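Chain by chain, the residues:
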Amino acid sequence: MSAISTEAVTAEFEKLTKLTKSEAENYAQTVGAAIAYFKRLLRREPEGDEVGLCEYAAACKAFFDYTVLCAATSKRFSTQTGGIFTRISEDRTVINAERLLRNAYASLPEGLIRDDGFIFEGTEG
């Protein structure tokens, strides 16, 4: 499924994260993994305007992964007097990134992607 452009997804990711092109290059694997994940959700090849929506949704997935990564990263600082403190990341950012991702998925045409929730699609005995 080659209709989704890595360059377009990366450009959307840069807009969402407000990273420069050179800073966003550090997250190329995150973007690539988000695209691969999104392509697995597709039930059919996107057509016409659906491609842009899919690229945006894949960028939202990359943005969500980026915010989770940033929230998990420890932020420790030291002062000039020798004191050390830790800044705890806001969970609100992750929650908002997840909402953005869900809204992007909801804007896609019905039947284009599978549900990405934790649901068993079927079992074999």
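Conventions adopted
Here the residue numbering is sequential within each chain, running from 1 through the sequence in written order. Local features in this predicted model are restricted to residues whose pLDDT is 70 or higher, and side-chain atom pairs enter the listing and the counts only when it is 80 or higher, whereas totals over whole chains, interfaces and linings include all residues. By convention in this description, side-chain values take in all heavy atoms of the structure and omit both hydrogens and water. Here a helix means four or more residues in a row that DSSP labels H or I, a strand means two or more in a row labelled E, and each is numbered from the N terminus. Throughout, exposure labels follow a simple rule: accessible area from a 1.4 Å probe, protein chains only, divided by the maximum for the residue type, with under 20% read as buried, over 50% as exposed, and the rest as partly exposed. Here the accessible surface of atoms and residues is derived via Shrake-Rupley with a 1.4 Å probe, and residues count as covered only by protein chains that are part of the display. Multiplying one less than the number of residues by 1.5 Å gives the expected span of a helix. The criterion used for residue contact is that any of the two residues' heavy atoms lie within 4.5 Å. Within 6.5 Å between ring centres, the rings of Phe, Tyr and Trp (the latter by its six-membered ring) count as paired, and their orientation is classed by plane angle as stacked under 30 degrees, edge-to-face over 60, tilted in between. Consider the ring centre and the ring normal. A charge sits over the ring if Lys NZ or Arg CZ is within 6 Å of that centre and within 35 degrees of that normal. Joining through side-chain atoms within 4.5 Å is the link that ties buried Ala, Val, Leu, Ile, Met, Phe, Trp, Tyr and Cys residues into a set, and such a set is a nonpolar core. In this tally, Asp and Glu contribute negative charge and Lys and Arg positive charge; neither His nor the terminal groups of the chain are included. Salt bridges are counted wherever a side-chain nitrogen of Lys or Arg sits within 4 Å of a carboxyl oxygen of Asp or Glu. Simply put, an axis is a line fit to the C-alpha atoms, just over the touching stretch for a helix, and the angle between two N-to-C directions goes from 0 to 180 degrees. When describing relative orientation, an angle under 35 degrees is termed roughly parallel and one over 145 degrees roughly antiparallel, while 65 to 115 degrees is termed roughly perpendicular and anything else oblique. Crossing handedness follows the turn of the near helix against the far one: under a right angle anticlockwise gives a left-handed crossing, and clockwise gives a right-handed one. Gly counts as polar in this scheme, as do all residues outside two lists: the nonpolar Ala, Val, Leu, Ile, Met, Phe, Trp, Tyr, Cys and Pro, and the charged Asp, Glu, Lys and Arg. A score between 0 and 100, pLDDT records how confident the predictor is in each residue.

Here we take up the overall build of the chain. Assigned secondary structure in the chain consists of five helices and two strands. The order of α-helices and β-strands along the chain, N terminus first, is α-α-α-α-β-β-α. Per-residue burial over the chain gives 31% buried out of 125 residues. Total accessible area on the chain stands at roughly 8400 Å², and carbon and sulfur atoms take up 52% of it.

Along its 14 residues, helix α3 (residues 28-41) runs 20 Å from first to last C-alpha, staying within 8% of the 20 Å computed at 1.5 Å per residue. Lining the buried residues of α3 we find α1 (6-17), α4 (50-72) and α5 (91-106).

Once that is clear, we can look at the packing of aromatic side chains. Using the criterion set out here, one finds five aromatic pairs in the structure. Between the aromatic rings of Phe13 and Tyr27, the centroid separation amounts to 6.4 Å while the plane-to-plane angle is 55°, which identifies the pairing as tilted. Of the two residues, Phe13 sits in helix α1 while Tyr27 sits in the loop between α2 (21-24) and α3, which places them 14 residues apart along the sequence. The interplanar angle of 40° and the centroid separation of 6.0 Å between the aromatic rings of Phe38 and Tyr105 together place this pair among those described as tilted. A residue pair is termed long-range when its members are at least 10 positions apart, and Phe38 in helix α3 and Tyr105 in helix α5 qualify at 67 residues. An aromatic cluster is present here, built from Phe13, Tyr27, Phe63 and Tyr66 joined pairwise through their rings. One cation-aromatic arrangement involves Lys61 over Tyr37; the distance from NZ or CZ to the ring centre is 4.6 Å.

What follows covers unusual backbone geometry. In this structure, Lys18 takes a positive phi of about 60° despite not being glycine. Relative to the helices and strands, Lys18 is located in the loop between α1 and α2.

Before going further, it helps to spend a moment on the nonpolar core. If you look at the biggest cluster of nonpolar residues, it comprises 28 residues, and the most contacted ones within it are Phe38, Tyr105, Leu108 and Ile113. Per element, the largest residue contribution to this core is nine residues, and it comes from α4. Those residues in contact with Leu108 that lie beyond four places of it in its chain are Phe38, Leu53, Cys54, Ala57 and Ile113.

Turning to the side chain of Glu55, a few remarks are in order. Examined against the element boundaries, Glu55 turns out to sit in helix α4. Of the side chains with opposite charge, Lys39 lies nearest to the buried Glu55, which makes no salt bridge, at 9.1 Å.

Closest axis-to-axis distance for the α4/α5 pair is 9 Å, and the angle between their directions is 165°. Considered as vectors, α4 and α5 are oriented roughly antiparallel to each other. Here α4 runs over α5; the crossing is left-handed. Residues Tyr56, Ala57, Cys60, Lys61, Phe63, Phe64, Thr67, Val68 and Ala71 of α4 pack against Thr93, Val94, Ala97, Glu98, Leu100, Leu101, Ala104 and Tyr105 of α5. Residues belonging to the contact of α4 with α5 are distributed by class as follows: 13 nonpolar, two polar and two charged.

Residues with a pLDDT of 70 or more make up 77% of the chain, whose mean pLDDT is 84. Looking at the elements of the chain, mean pLDDT is at its lowest for strand β2 (residues 84-87), recorded as 58, and at its highest for α1, recorded as 97. Per-residue pLDDT stays below 50 along residues 118-122; that stretch engages in one contact with residues further than four places along the chain or on separate chains.

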